[in-house]
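Structural overview
The primary structure of each chain is shown beneath.
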Amino acid sequence: MDVELLKPLPVPTPVSLPFWEGLAEGKVRLQKCDACRTWVFYPRSRCSCCLSDQLRWRDVSGRGTLYTFTIARQPTSPHFASDTPQLLAVVELEEGVRLTTNLVHVAEADIRVGMRVKACFERVSPDITLLKFQPA
Amino acid sequence: MGLRGEAAIVGVAEYPHRRKYDGPRMFMLEQWAALARNALDDAGLEAREIDGLVCSDIRESGMFVPATVVEYLGQPVNFAERIDLGGATAVGMIWRAAAAIELGICEVVVCALPALPIPSNPTPQPLNPMVFFQSSSPNWGSPQAEFDIPYGNLAQNCGYAMIAQRYAAQYGYDAEAMAKLVVDQRASAAINPNAAFFGRPVTCEDVLASKMIADPLHMLEIVMPVAGGGAVIVASKEVAARCKHRPAWVTGFGEHLTIKTPTYARDMCVTPVGPASEQAFAMAGLTPDLVNAAEIYDCYTITVLLTLEDAGFCAKGEGMRFIRENDLTWRGNFPVNTHGGQLGMGQAGAAGGMTQVVEATRQVMGRCEQRQVAGCDAVYVSGTGGVMSEQSALILQGG
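Residues numbered from 1 in each chain as written. Chains lettered and ligands numbered in written order. Predicted model: local features only at pLDDT ≥ 70, side-chain atom pairs only at ≥ 80, totals over all residues.

Each helix and strand counted, chain A has one helix and eight strands in total. Helices (α) and strands (β) of chain A occur, in sequence order from the N terminus, as α-β-β-β-β-β-β-β-β. Relative to its length of 136 residues, chain A is compact, with a C-alpha radius of gyration of 16 Å against a globular reference of 14 Å. Long-range contacts, defined as pairs at least 24 residues apart, comprise 48% of the intrachain contacts of chain A with a sequence gap of at least 6. (Helix = DSSP H or I, 4+ residues; strand = E, 2+ residues; numbered from the N terminus. Rg over C-alpha atoms; globule rule 2.2 N^0.38 Å. Contact = placed C-beta atoms within 7 Å.)

Helix and strand counts for chain B stand at 14 helices and eleven strands. Here the C-alpha radius of gyration of chain B, 20 Å, is about what a compact globule of 399 residues would show, namely 21 Å. For the C-alpha atoms alone, the extent of chain B along its principal axes is close to 55 × 55 × 40 Å. Per-residue burial over chain B gives 60% buried out of 399 residues. Put simply, of all contacts in chain B between residues at least 6 apart along the chain, 77% involve residues at least 24 apart. (Buried ≥ 20, exposed ≤ 12 C-beta atoms within 10 Å, placed from the backbone.)

Here the focus is the environment of Gly 353 of chain B. Residues and elements named next belong to chain B. Tracing the backbone shows Gly 353 in helix H14 (residues 352-365). Counting along the chain gives 58 residues from Gly 353 to Glu 295, while the straight-line C-alpha distance between them is 9.5 Å. In this structure Gly 353 touches Gly 87, Ala 88, Thr 89, Ala 90, Val 91, Tyr 297 and Gly 383, once residues within four positions along its chain are discounted.

Residue and element names in this part refer to chain B. Strands sit in the order E3-E2-E4-E7-E1-E8-E11-E10-E9 across an open sheet of nine strands; the sheet is mixed. Two strands bound the open sheet, and with one partner strand each, they are strand E3 (79-82) and strand E9 (293-295). When strand polarity is set aside, the average angle formed by the axes of neighbouring strands in this sheet is 25 degrees. Those strands touched by helix H3 (residues 89-103) are strand E1 (7-14), strand E2 (52-55), E3, strand E4 (108-115), strand E7 (228-236), strand E8 (248-257), strand E10 (378-385) and strand E11 (390-397), and its axis lies near 165 degrees from that of E4. Most of the contacts of helix H10 (residues 273-284) go to E8, to which it runs at about 150 degrees, and overall it touches E8, E10 and E11. (Pairing = 2+ DSSP bridges. Axes fitted to C-alpha atoms, helices over the stretch in contact; angles between N-to-C directions.)

So, on to the packing of helix H1 (residues 28-43) of chain B against helix H2 (residues 65-73) of chain B. All names here are of chain B. Orientation of H1 relative to H2, taken along the N-to-C sense of each, is 60 degrees, at an axis distance of 10 Å. Considering the angle they form, H1 stands oblique to H2. In the crossing of H1 with H2, the sense of the turn from one axis to the other is right-handed. Packed against H1, whose contacting residues are Leu 29, Trp 32, Ala 33 and Ala 36, the element H2 presents Val 69, Tyr 72 and Leu 73 at the interface. When its residues are assigned to classes, the contact of H1 with H2 shows seven nonpolar, no polar and no charged. (Parallel < 35°, antiparallel > 145°, perpendicular 65-115°, else oblique. Left-handed = near helix turned anticlockwise from the far one by under 90°. Nonpolar A, V, L, I, M, F, W, Y, C, P; charged D, E, K, R; others polar.)

So, about helix H11 (residues 301-310) of chain B. All names here are of chain B. The element H11 is largely enclosed, with a buried count of ten among its ten residues. Those residues of H11 that fall on the buried side of the exposure criterion are Thr 301, Ile 302, Thr 303, Val 304, Leu 305, Leu 306, Thr 307, Leu 308, Glu 309 and Asp 310. In the core, the buried residues of H11 are packed alongside helix H6 (157-171), helix H7 (175-189), H10, helix H12 (319-325) and E10. Just beyond H11, the residue with positive phi is Gly 312, at close to 100 degrees.

This brings us to the interface of chain B and chain A. Each side of the interface is counted separately: chain B has 31 residues, and chain A has 32 residues. It is H6 of chain B that provides the largest number of residues to the side of chain B that touches chain A, a total of seven residues. Residues that form the side of chain B that touches chain A fall into these classes: 20 nonpolar, seven polar and four charged.

Let us now look at the nonpolar core. Judged by nonpolar contacts, the single largest core of 164 residues is most densely connected at Ile 94, Ile 233, Val 234 and Val 250 of chain B. Once you skip the residues sitting within four places of it in the chain, Val 250 of chain B turns out to touch Leu 3, Gly 5, Ala 7, Ala 8, Ile 9, Ile 94, Trp 95, Ala 98, Val 234, Leu 394 and Leu 396 of chain B. (Core = buried A, V, L, I, M, F, W, Y, C linked by C-beta atoms within 7 Å.)

Moving on, we come to the environment of Pro 78 of chain A. Within the secondary structure layout, Pro 78 of chain A lies in the loop between strand E4 (63-72) and strand E5 (86-93). Spatially, the C-alpha atoms of Pro 78 of chain A and Leu 6 of chain A are 9.5 Å apart, while their sequence positions differ by 72 residues.

All names here are of chain A. Spatial ordering of the open sheet is given by E2-E1-E3, a layout of three strands whose pairing is antiparallel. Each edge of the open sheet carries a strand with a single partner, namely strand E2 (39-40) and strand E3 (55-60). Two strands pair when backbone bridges link them, and strand E1 (residues 28-33) and E2 are joined in this way by two bridges, in the antiparallel orientation. Its bridge partner being in E2, Lys 32 is matched across the sheet by Trp 39.

Moving on, we come to unusual backbone geometry. The peptide bond linking Phe 41 of chain A to Tyr 42 of chain A adopts the cis configuration, its omega dihedral lying at 0 degrees. Relative to the elements of secondary structure, Tyr 42 of chain A occurs in the loop between E2 and E3. At Arg 37 of chain A, a residue that is not glycine, the phi angle is positive and equals roughly 70 degrees. Mapped onto the elements of the fold, Arg 37 of chain A is located in the loop between E1 and E2. Here Arg 37 of chain A falls in the exposed class, since 10 other C-beta atoms lie within 10 Å of it. With a phi angle near 50 degrees, Met 388 of chain B is a residue other than glycine that sits in the positive phi range. Relative to the helices and strands, Met 388 of chain B resides in the loop between E10 and E11. Look at Met 388 of chain B and you get buried, because 27 C-beta atoms sit within 10 Å.

Our next topic: the pairing of E4 of chain B. Residue and element names in this part refer to chain B. Counting buried positions along E4 gives eight out of eight residues, so the element sits mostly inside the fold. Because side chains alternate across E4, one face comprises the buried residues Val 108, Val 110, Ala 112 and Pro 114, and the other comprises Val 109, Cys 111, Leu 113 and Ala 115, equally buried. Where E2 and E4 come together, three bridges link them in parallel fashion. Counterpart to Gly 52 in the pairing with E4 is Val 109.

Time to look at H10 of chain B. Residue and element names in this part refer to chain B. Taking 1.5 Å of rise per residue, the twelve residues of H10 would be expected to cover 16 Å, and the 16 Å separating its terminal C-alpha atoms lies within 8% of that figure. Taken together, the buried positions of H10 are occupied by Val 273, Gly 274, Ala 276, Ser 277, Ala 280, Phe 281, Met 283 and Ala 284. Those residues of H10 hidden inside the fold are in contact with E8, H11, E10 and E11. Where H10 terminates, the next one or two residues include Gly 285, which has phi positive at roughly 70 degrees. (Expected span 1.5 Å × (residues − 1).)

Residue and element names in this part refer to chain B. Within the element layout of this structure, Ile 9 appears in strand E1. The sequence separation of Ile 9 and Gln 144 amounts to 135 residues, and the corresponding C-alpha distance is 37 Å. For Ile 9, the residues in contact, after removing those within four places along its chain, are Ile 94, Val 232, Ile 233, Val 234, Ala 248, Val 250, Thr 361 and Leu 396.

This is the structure:
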């Protein structure tokens, strides 16, 4: 690929917008079901446990643990060629939900499954801030 | 619950799997027709006997695929399905065909997954973003587009790598055991003329010295894309009785879907093939120790490891030891992927899983020549789609 491709960015939906607005303000927001008390991620219009529509946004700490990770030494698509090696990760937040993310501010050799991590906010466009994680 | 075991695979067809394909290019409809004819010939059946069809996507049509295939073949059917289960598609095709036959709505069902290159389009086409995103949908509103692709979590390698890394943290990891799995399968591929790696065995050192793609997965633990494809005919008891070969009876199956992206799995190391296999064994009245071979979907080494554990061939966390202590080659005490698996055949897109079905059938029919497992009467087959998202299991038995 001769030219670097623009990175694919999320395009919020009416339902997910509060999540992305929260990140822009430096806050992690999750939905919690008022009917069955389940925390829900990714944002939905119905609870992924009981399908109730009684989901309410809450601010959470953004703290969690590293559930797993990989170091992609070949770009996962040409868009990420300038980011190799990519530190891909799955983080489990204190509320129990898991999300896909990238690790930042950490040396490869220091990454351990189970390590404590905290949210950090990476503004990638005027409208979009991605949720990344670093050692807590 | 389930099948009575009165439908069987009676014929197979398979294109040689090749990294560099130098044969004539054909549209997928053309390949469909050729594979169908070859599989019918193998069984000893006529085209006009087709009364059911199971397909997946074809490049020429985005919708109305079954009707388009039926029209091209010129054979009306009573039963048609289009399966969207990624690598679990082939196994998904077989049990649906067997179920339709046992319901009495059809007798001869063609299941085909063509995967040779199609002719180059003389009209230049705009770049399709799916080329980059593969199994992850970039469409607006897709959870993958919003919560995975922006972080670079797309296609397959990194998802499987993260499952392997989680496994390592929970149960420990032995890179040499994973390398041995590749070595054993490549030993079987080395004597299979249809395999892309025919005549090319490897050593543990080769595997561990191959490039690290996404930790802990080395390049030789990951399937190589190839041209290929295959087809089978599933038929009723009455039809099977007049076919050329010993039928491979479909006596058990299972299918289980949980997630699209493993981030959201309840436990990344407990995979859908568990419930699918439990159902398949129960339906067949067998236990894992009673099968003579296992043709396990092997897009990556970690897929085989987790399937060995979750299907019940060994206990959870014991997979590495199991691989170390057993000879998994075609001549071994526990033959796995006797054709070389997809790690040895190469992966012909979504048709990859058909190689496992075709090989299991050939083993039961006793047609595997120098790689034939002696006295092969029962074979376990698995299929895996997405990133351990959707899995299927099948039991084929001789009569």
